[in-house]
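Chain by chain, the residues:
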Amino acid sequence: LLPDDVPLRAQAMRLLVADGDFAKAILLGERSPADARIVTYLGISYSRSERLSDARRILGPYVHEHFEPYVKAYVEWWPAAKSMEERLWTSLRDGTAEQALVRRLNSLPQHQANEEAEAWVRARMAADPYLSQLCQTLRQHEDVYPAASELAMILLREGLSIPKGEKRRERLVEAERVFLDLRKINDKDPHQDLQLGQVYFWLGRETAGQELFDKLEKEADGHVLTSMGE
């Protein structure tokens, strides 16, 4: 691979991480140009190799810079996209959309009308300046999500390894912040809730932690609680 062949290097690192070959991923990442994908996979490889301080050293600044705009764009994009999609489909159903389009769709067989209607909705959403700007921001920062997820686990593990005191509390509070931001993107991850619950307990917030554990027990994935004893 050429030194500046970042996409190929990032892809190779992704596959190495997936295969658990973190040593090779680290070797490749440390010799690669700086890039969001390289930083993400290198940080994950450090973390999975128990090099937590190295992982936090490179993931911390990257997540600090990129995760906030990613979360903000996602939180704005999801309801905006859903609302616009519903409005467009409503305009087709009640006949208030472009009349030429409505007449054409009414003249087509059902399956073809459905296909063209879906294509029209997608095109209108893609052309919307506000949604387009949010999507561009999400694409710009998309590699930060796995980096933030790994960083949250690193902060939790480091926090638990530090003797009781202000430094431990700082690590756990930082872990809580990242976990809460992760939940704004995906609030259906039981393993993530499990880790956040542990953060609450270690911070002395037993009520908040117990509420999360009770929620996990009631859900289909409640068996993740057994991992705490493994």
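A few points on the structure. (Residues numbered from 1 in each chain as written. Predicted model: local features only at pLDDT ≥ 70, side-chain atom pairs only at ≥ 80, totals over all residues. Heavy atoms only, no water.)

## With respect to the overall build of the chain
The condition is simple: By the criteria applied, helices consist of DSSP H or I runs no shorter than four residues and strands consist of E runs no shorter than two, each listed in order from the N terminus. In this treatment the radius of gyration is a C-alpha quantity, and the globule benchmark scales as 2.2 Å times the residue count to the 0.38 power. Each residue's exposure class comes from its accessible area (1.4 Å probe, protein chains only) as a fraction of the maximum for that residue type: buried when under 20%, exposed when over 50%, partly exposed otherwise. Here, two residues are considered to be in contact whenever any of their heavy atoms come within 4.5 Å of each other. Under the convention used here, a 1.4 Å probe and the Shrake-Rupley method define accessible areas, while residue burial counts only the protein chains that appear. Counting rule applied: Lys, Arg positive; Asp, Glu negative; His and chain ends not counted. Here the site of a charge means NZ on Lys, CZ on Arg, CG on Asp, or CD on Glu.
A count of helical and extended segments in the chain gives 11 helices and 0 strands. Along its sequence from the N terminus, the chain presents helices and strands in the succession α-α-α-α-α-α-α-α-α-α-α. Taking 17 Å as the expected radius of gyration for a compact globule of 230 residues, we find that the chain reaches 23 Å, considerably beyond that expectation. C-alpha atoms of the chain, sized along the principal axes, occupy 70 × 55 × 30 Å. A burial count over the chain gives 42% of its 230 residues as buried. Counted over contacts in the chain with a minimum sequence separation of 6, partners at least 24 positions apart contribute 57%. Looking at the chain as shown, the accessible area adds up to about 13,400 Å², and 52% of this sits on carbon and sulfur atoms. Side chains of the chain give 31 positive and 38 negative charges; the mean places of these two sets differ by 2 Å.

## As for helix H4 (residues 52-93)
Since the α-helix advances by 3.6 residues per turn, residues separated by three or four positions end up pointing in the same direction. Just so we agree on the cut-off: Working definition for bend: take the seven residues up to and ending at a residue and the seven starting at it, fit an axis to each, and measure the angle between the axes.
Taken as a whole, H4 carries its principal kink of about 40° at Val63. Of the residues one or two after H4, Gly95 is the one with positive phi, at around 80°.

## Quick word on the packing of helix H3 (residues 36-48) against helix H8 (residues 144-161)
To keep things clear, this is the line we draw: Here an axis means a line fitted to C-alpha atoms, over the contact stretch when the element is a helix, while the angle between two N-to-C directions is reported on a 0 to 180 degree scale. Angles below 35 degrees are treated as roughly parallel, those above 145 as roughly antiparallel, those between 65 and 115 as roughly perpendicular, and all remaining angles as oblique. In this scheme the handedness of a crossing depends on how the near helix is turned from the far one: anticlockwise by less than a right angle means left-handed, clockwise means right-handed. Nonpolar residues are Ala, Val, Leu, Ile, Met, Phe, Trp, Tyr, Cys and Pro. Charged residues are Asp, Glu, Lys and Arg, and all others, Gly as well, are polar.
Direction vectors running N to C along H3 and H8 enclose 25°, while the axes themselves pass 9 Å from each other. As far as their axial angle goes, H8 and H3 are roughly parallel. Here H3 runs over H8; the crossing is left-handed. Only Pro146, Ala147, Glu150, Ile154 and Arg157 of H8 make contact with H3, whose side of the interface consists of Thr40, Ile44, Ser47 and Arg48. Counted by class, the contact of H3 with H8 contains 4 nonpolar, 2 polar and 3 charged residues.

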